[in-house]
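A closer look at the structure
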Amino acid sequence: MKIKNTKTRTLRVVLYVVLILLAFLMLVPFAWMLSASFKLDKDVFIFPIQWIPTNPRWQNYVDIWRKIPLLKFVLNTVKLTLIVTFLQLLISSFAAYAFSKLHFKGKNGLFLAYIATIAVPWQVYMVPQFMMMRGMGLADTHLAIIFLQAFSAFGVFMMKQFYEGIPTELCEAARIDGMSEYQIWYRVMLPLSKPALSTLLIFTFVNTWNDFLGPLIYLTTESKKTLQLGLRMFISQFGSEYGLIMAASVLSLIPVLIVFLSLQKYFVEGVAATGVKG
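Residues numbered from 1 in each chain as written. Predicted model: local features only at pLDDT ≥ 70, side-chain atom pairs only at ≥ 80, totals over all residues. Heavy atoms only, no water.

**Side note on the overall build of the protein**
Across its full length, the protein carries 15 helices and 0 strands. The globule rule puts the C-alpha radius of gyration for 278 residues at 19 Å, and the 24 Å found for the protein is more than 25% above it. Counting the 278 residues in the protein, one finds 38% classified as buried. A fraction of 74% describes how many contacts in the protein between residues 6 or more apart in sequence connect residues 24 or more apart. (Helix = DSSP H or I, 4+ residues; strand = E, 2+ residues; numbered from the N terminus. Rg over C-alpha atoms; globule rule 2.2 N^0.38 Å. Buried < 20%, exposed > 50% of the residue type's maximum accessible area, 1.4 Å probe, protein only. Contact = heavy atoms within 4.5 Å.)

Dropping the structure here:
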């Protein structure tokens, strides 16, 4: 018994060491980016790396707002991210409730057809989508991106997996009490699905915030561009100013880190809960 416990502890220690090393390797680039954002261009690539600059150049975080209309890019990105995230949470949770708790003709076939779209790469149908949006007069508008990203087959699938774990008896009891399906979804299902909603919120927020190809295809006017397009524009114009580039990259990561860290607890619960059923 002691030998078995010793082996278990040894394996656990080895596992922790491996995980710590992997975490260290993943964090090193971010630490270098943060360090470089406080340096002059000539000091960025000095070797050995000076992780803590002797004279931090805080001016990089001021100059980046002057070189390009960064505030406008940030506001555009915040607008698109918040709207798309809200719509995905609303539509995915409501559709998942219908697929998991309601009975209607062709439900399984419709769900399989909808989920099958996950296997189709976006590059396959991005040209038809663009032609459709242009035909509707939505080219070079934020509405085109909102319409195309407001629906998520992955979000519906994930929410349905979570709803499957909620006892159907709760819905039946609510119907007996006179609640409509809308009230059951709003008052019963949503309060119980915070972990799944938080997980979907993180995925949607990060994907929309970091989206580059979608805005690149649909947005041509500079005043409508997002933060990722703005960073690319800055790199093409001031490619040698690495300190400013790193400062802008750090700023673009802050909202993502805030959202993830604030919802980390629910994120872990949501991933575990939606992975129970297959």
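**Brief notes about a nonpolar patch on the surface**
On the surface, a nonpolar cluster with roughly 910 Å² of combined accessible area is contributed by V14, L15, Y16, V18, L19, I20, L22, F24 and L25. When its relative accessible area of 41% is taken as the criterion, V18 is described as partly exposed. (Patch = residues over 30% accessible without salt bridge, like charges linked within 9 Å, V, L, I, M, F, W, Y side chains within 5 Å. Areas by Shrake-Rupley, 256 points an atom, 1.4 Å probe, with all protein chains shown as cover. Salt bridge = Lys/Arg side-chain N within 4 Å of Asp/Glu carboxyl O.)

**Some words on the pattern of salt bridges**
Tallying each qualifying case throughout the model produces 4 salt bridges. Between K224 and D140 there is a salt bridge; the shortest N-O distance is 3.9 Å. Placement of the pair is K224 in the loop between α12 (213–218) and α13 (227–237) and D140 in the loop between α6 (122–135) and α7 (142–149), with a sequence separation of 84 residues. Among the residues examined, D140 registers a relative accessible area of 16% and is labelled buried.

**A few points about the nonpolar core**
Judged by nonpolar contacts, the single largest core of 26 residues is most densely connected at I64, I68, L70, L227 and F234. Of all the secondary structure elements, the ones that give two or more residues to this core are α1 (2–36), α3 (60–67), α4 (70–101), α11 (194–209), α13 and α14 (242–262). No other element matches the 8 residues that α14 contributes to this core. Not counting residues within four places of it along the chain, the set of residues in contact with L70 comprises I64, W65, L227 and L251. If you look at the next biggest cluster of nonpolar residues, it comprises 18 residues, including Y97, M158, A196 and L197. (Core = buried A, V, L, I, M, F, W, Y, C linked by side-chain atoms within 4.5 Å.)

**A short note on the packing of helix α8 (residues 153–164) against α11**
α11 packs onto α8 with a crossing angle of 165° between their chain directions and a minimal axis gap of 10 Å. One way to sum up the angle between α8 and α11 is to call them roughly antiparallel. Note on packing geometry: the crossing formed by α8 with α11 is right-handed. Between α8 and α11, the residues in contact are F154, G155, M158, M159 and F162 and P195, A196, L197, T199, L200 and F203, respectively. Of the residues that constitute the contact of α8 with α11, the class distribution is 9 nonpolar, 2 polar and no charged. (Axes fitted to C-alpha atoms, helices over the stretch in contact; angles between N-to-C directions. Parallel < 35°, antiparallel > 145°, perpendicular 65-115°, else oblique. Left-handed = near helix turned anticlockwise from the far one by under 90°. Nonpolar A, V, L, I, M, F, W, Y, C, P; charged D, E, K, R; others polar.)

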